[in-house]
Amino acid sequence: MTINERQDEIKSDFEVMSNWEDKYEYIIQLGKDLPLIAEEYKTPENLIKGCQSRVWLHTELRDGKLFFTADSDAVITKGLVSLMIYVLSGHTPKEIATADIYFINDIGLSNHLSPTRSNGLLSMLKQMKLYAVAYQAKTNQS
């Protein structure tokens, strides 16, 4: 699936839920279902700056595509990073770097998160895109 197809799927999932209590429960469940990051990647270098909670993000390039794993000490934050991983993981650095991430606003997430969580979500997205740009530059130099 493309990045936009994954975003549209998330939008569809959220549209069937009538209230934000259900949507938060869904996000929490996504966090609980997120595969654990290997302990060796829970390093200060992998901590995302700008998040109130601690969020570790690890990136690997395999067969020209980036794959992300993550963990957080807060369950809602873990669910948010799970959404970002679902949308962006498994795509090329160029696809990730140039992607228009619209699902956050379209599902109303930015309006229903606290300012600190909203900033944290944007920090996650920014870090994932920075990794993509860095890998893209590295690939172009080879």
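I will try to describe carefully the structure that is included in this document. Just so it is clear, the structure is predicted and the values come from calculations on it, not from any experiment.

So, how was this worked out
Residues numbered from 1 in each chain as written. Predicted model: local features only at pLDDT ≥ 70, side-chain atom pairs only at ≥ 80, totals over all residues. Heavy atoms only, no water. Axes fitted to C-alpha atoms, helices over the stretch in contact; angles between N-to-C directions. Helix = DSSP H or I, 4+ residues; strand = E, 2+ residues; numbered from the N terminus. Parallel < 35°, antiparallel > 145°, perpendicular 65-115°, else oblique. Contact = heavy atoms within 4.5 Å. Nonpolar A, V, L, I, M, F, W, Y, C, P; charged D, E, K, R; others polar. Salt bridge = Lys/Arg side-chain N within 4 Å of Asp/Glu carboxyl O. Buried < 20%, exposed > 50% of the residue type's maximum accessible area, 1.4 Å probe, protein only. 1 Å grid on protein atoms, 1.4 Å probe; cavity = no way out; pocket = protein on both sides within 12 Å on 5 of 7 lines; lining within 4 Å. Points joined across faces, edges and corners; volume = space filled by probe spheres on them. Core = buried A, V, L, I, M, F, W, Y, C linked by side-chain atoms within 4.5 Å. Phe/Tyr/Trp six-rings, centres within 6.5 Å; stacked < 30°, edge-to-face > 60°.

Glancing now at the packing of helix α2 (residues 20-33) against helix α3 (residues 75-88). Put simply, α2 and α3 touch, their axes get as near as 7 Å, and they point 80° apart. Considering their axes alone, α2 and α3 lie roughly perpendicular with respect to each other. From α2, Y24, I27, I28, L30, G31 and K32 reach across to α3, where they touch V75, I76, K78, G79, L80, S82 and L83. Classifying every residue of the contact of α2 with α3 by side-chain character gives 8 nonpolar, 3 polar and 2 charged.

Glancing now at the pattern of salt bridges. It is possible for side chains bearing opposite charge to pair when their charged atoms get close. The tally for this structure, following the rule as stated, stands at 6 salt bridges. Residue K11 is joined to D106 by a salt bridge in which the shortest nitrogen-to-oxygen separation is 3.0 Å. Of this pair, K11 sits in helix α1 (residues 3-15) while D106 sits in helix α5 (residues 103-106), and the two are 95 residues apart along the sequence. When its relative accessible area of 45% is taken as the criterion, D106 is described as partly exposed. The shortest N-O distance in the salt bridge between K78 and D71 comes to 3.3 Å. Across the pair, exposure class does not vary: K78 and D71 are buried alike. It is possible to trace a salt-bridge network through shared partners that takes in E39, K42, D71 and K78.

Attention now moves to empty space enclosed by the protein. Summary: where empty space remains is shown by rolling a probe the size of a single water molecule over the atoms. Scanning the model with the defined rule gives 1 cavity of 30 Å³ or more in all. The calculated volume of the largest cavity comes to roughly 60 Å³. What lines the largest cavity is C51, Q52, S53, T77, L80, T116, R117, G120, L121 and M124. If you list the elements that add at least two residues to the lining of the largest cavity, you get α3 and α7 (115-141). Looking at which element gives the most residues to the lining of the largest cavity, the answer is α7, with 5 residues. The residue makeup of the lining of the largest cavity, split by class, is 4 nonpolar, 5 polar and 1 charged.

We now examine the layout of surface pockets. Of the pockets and cavities examined, the largest pocket occupies roughly 230 Å³. Lining the largest pocket are 14 residues, with L30, L34, S82, L83 and Y86 sitting closest to its centre. Looking at the lining of the largest pocket, the elements with two or more residues in it are α1, α2, β2 (65-72) and α3. Residues that form the lining of the largest pocket fall into these classes: 9 nonpolar, 2 polar and 3 charged.

What follows is about the nonpolar core. Counting 39 residues, the largest nonpolar core has F68, M84, L88, I101, F103 and L109 as the members making the most contacts within it. Ranked by residues supplied to this core, first place goes to α3 with 8 residues. With residues up to four places along the chain from it excluded, the contact list for L109 reads W20, I27, L80, L83, I104 and L121.

This paragraph deals with the packing of aromatic side chains. The final tally for this structure, using the stated rule, is 3 aromatic pairs. Note on F14 and Y26: the rings are 5.5 Å apart at their centroids and 85° apart in plane angle, and the pair reads as edge-to-face. Separated by 12 residues along the polypeptide, F14 in helix α1 and Y26 in helix α2 bring together distant segments of the chain. By relative accessible area, which is 27% here, Y26 ends up partly exposed. A ring pair is formed by W20 and Y24, whose centres lie 5.6 Å apart and whose planes are at 55°; its orientation type is tilted.

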